[in-house]
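Each chain is listed here by its residues.
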Amino acid sequence: DVKVTQSSRYLVKRTGEKVFLECVQDMDHENMFWYRQDPGLGLRLIYFSYDVKMKEKGDIPEGYSVSREKKERFSLILESASTNQTSMYLCASSLQGRMGYNEQFFGPGTRLTVL
Amino acid sequence: EDQVTQSPEALRLQEGESSSLNCSYTVSGLRGLFWYRQDPGKGPEFLFTLYSAGEEKEKERLKATLTKKESFLHITAPKPEDSATYLCAVQAGGGADGLTFGKGTHLIIQP
């Protein structure tokens with residue numbers, strides 16, 4: 001089974017802090033993704049990565065950056081956390097663009113609260 | 001812009017009462033339509049992928065179908081453990097691999 005793990009289930013930070021959210025997958029997937037999930041808005045794509053050191057902006061990249069130094073690890077960085085970044089953050093991974101294998105597998109999520 | 005609309009927003013059924021959830025989509029070139037199940041406080045769990053109109057997939061009490069404009073998730077004789085939020089998502093042919101999600105249907109099965 002694909003396993004996607006996230007470094008924290010719950011995180012509380014203060015406004016202005018730099019925040020790192022870590023995600024690791026163990027299935028040698030090329031693609032990794034970061035989403036946020038908010039009530040009434042659903043899941044929205046922040047950033048994704050096709051390969052090591054590659055990154056692409058999703059629908060809502062403002063206020064975030066990412067890092068992928070190793071294939072299995074994808075980090076989401078909040079350079080200066082703000083209260084409107086309080087949310088559930090979900091990491092996902094998938095195989096590279098092969099028909100029949102495009103499904104994304106999600107981690108358990110990190111609930112981030114910014115005070 | 002890709003859009004996914006799920007209905008109803010919430011559905012309450014008695015145990016054993018079959019029903020269907022709807023997912024309408026507008027995309028520029030569908031690469032895949034995905035159904036996920038999400039329990040409270042957890043990440044989405046993959047259920048099905050559908051690629052072309054007319055395709056159907058089944059898993060236990062769930063059956064997903066796809067037309068050119070919408071997908072249905074049919075739930076036959078549901079049990080309380082089927083209670084969850086069901087999410088529909090599409091992957092478009094524009095090149096990006098990110099999914100566009102609907103807001104989900106919150107399903108409650110009462111014993």
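Refer to the structure above for everything that follows.
Residues numbered from 1 in each chain as written. Chains lettered and ligands numbered in written order. Predicted model: local features only at pLDDT ≥ 70, side-chain atom pairs only at ≥ 80, totals over all residues. Heavy atoms only, no water.

Turning our attention to the side chain of A:Ser87. By the element assignment, A:Ser87 lies in strand E9 (residues 87-94). When sequence neighbours within four positions are dropped, the list of residues in contact with A:Ser87 reads A:Arg36, A:Gln37, A:Asp38, A:Thr110, A:Arg111 and A:Leu112. (Helix = DSSP H or I, 4+ residues; strand = E, 2+ residues; numbered from the N terminus. Contact = heavy atoms within 4.5 Å.)

This part takes up the state of the cysteines. Overall, the coordinates contain two disulfides over all chains when judged by the stated rule. With its sulfur 1.9 Å from that of its partner, A:Cys23 forms a disulfide with A:Cys91. Since a negative S-S torsion denotes a left-handed disulfide, the A:Cys23-A:Cys91 link at about -75° is left-handed. Taken together, the positions of A:Cys23 in strand E3 (residues 19-25) and A:Cys91 in strand E9 put the pair 68 residues apart, joining distant regions of the chain. At a sulfur-sulfur separation of 1.9 Å, the disulfide partner of B:Cys23 is B:Cys88. Disulfide B:Cys23 to B:Cys88: torsion about the S-S bond roughly -65°, handedness left-handed. Taken together, the positions of B:Cys23 in strand E3 (residues 19-26) and B:Cys88 in strand E9 (residues 84-92) put the pair 65 residues apart, joining distant regions of the chain. On the basis of relative accessibility, which here comes to 0%, the residue B:Cys88 falls in the buried class. (Disulfide = S-S within 2.5 Å. Buried < 20%, exposed > 50% of the residue type's maximum accessible area, 1.4 Å probe, protein only.)

This part is about the layout of surface pockets. In this structure, the largest pocket spans a volume of roughly 580 Å³. As for the largest pocket, its lining consists of 26 residues, and the residues nearest its centre are A:Gln37, A:Pro39, B:Gln38, B:Thr85 and B:Lys103. Going through the elements one at a time, strand E4 (31-38) and E9 of chain A together with strand E1 (3-7), E9 and strand E11 (105-110) of chain B are the ones with two or more residues in the lining of the largest pocket. Looking at the lining of the largest pocket residue by residue, the class counts come to seven nonpolar, 13 polar and six charged. What the second largest pocket holds in volume is close to 480 Å³. If you trace the second largest pocket, you find 22 residues lining it, with A:Asp59, B:Asp2, B:Leu99, B:Thr100 and B:Phe101 closest to the centre. Contributions of two or more residues to the lining of the second largest pocket are made by strand E5 (42-49) of chain A together with E1, E9 and strand E10 (100-101) of chain B. Broken down by element, the residue count for the lining of the second largest pocket peaks at four residues, all from E5(A). (1 Å grid on protein atoms, 1.4 Å probe; cavity = no way out; pocket = protein on both sides within 12 Å on 5 of 7 lines; lining within 4 Å. Points joined across faces, edges and corners; volume = space filled by probe spheres on them. Nonpolar A, V, L, I, M, F, W, Y, C, P; charged D, E, K, R; others polar.)

Contacts between the two partners involve 20 residues from chain B, matched on the other side by 26 residues from chain A. Of the roughly 1,700 Å² buried where chain B meets chain A, counting both sides, 55% is carbon and sulfur surface. Contact with chain A buries surface across chain B, with B:Tyr51, B:Asp97 and B:Phe101 losing the most and accounting together for 29% of the total. Linking chain B to chain A there are seven residue pairs in polar contact (both at pLDDT 80 or more). Of all the elements, strand E4 (residues 30-38) of chain B adds the most residues to the side of chain B that touches chain A, at four residues. (Buried area = accessible area lost by both parts, 1.4 Å probe. Polar contact = N/O pair within 3.5 Å; in protein donor to acceptor, adjacent residues only side chain to side chain.)

This part covers the sheet that holds strand E8 (residues 73-78) of chain A. All names here are of chain A. As summarised here, the arrangement of the four strands in space is E1-E3-E8-E7, forming an open sheet in which the pairing is antiparallel. The open sheet has two edge strands with one neighbour each: strand E1 (4-6) and strand E7 (64-70). The mean inter-strand angle of the sheet, taken between neighbouring strand axes irrespective of direction, is 20°. Of the pairings in the sheet, the one linking E1 to E3 comprises three bridges and is antiparallel in character. Of the residues in E3, the one forming a bridge with valine 4 is glutamine 25. (Pairing = 2+ DSSP bridges. Axes fitted to C-alpha atoms, helices over the stretch in contact; angles between N-to-C directions.)

Now for the packing of aromatic side chains. All names here are of chain B. Applying the stated rule across the entire model yields 11 aromatic pairs over all chains. Centroid distance tyrosine 36 to phenylalanine 101: 5.9 Å. Interplanar angle 45°. Geometry classified as tilted. With a gap of 65 residues between them, tyrosine 36 in strand E4 and phenylalanine 101 in strand E10 connect regions that are remote in the sequence. Given the relative accessible area of 0%, tyrosine 36 is considered buried. By relative accessible area, phenylalanine 101 is classed as buried at 8%. (Phe/Tyr/Trp six-rings, centres within 6.5 Å; stacked < 30°, edge-to-face > 60°.)

All names here are of chain B. The strand order across the open sheet formed by five strands is E1-E3-E8-E7-E6, and the pairing between neighbours is antiparallel. Edge positions in the open sheet fall to E1 and strand E6 (56-59), since each of these has one partner strand only. When strand polarity is set aside, the average angle formed by the axes of neighbouring strands in this sheet is 15°. Relative to strand E8 (residues 70-75), E3 runs antiparallel, the two being bridged by six bridges. Directly across from leucine 21, in E8, lies its bridge partner leucine 73.

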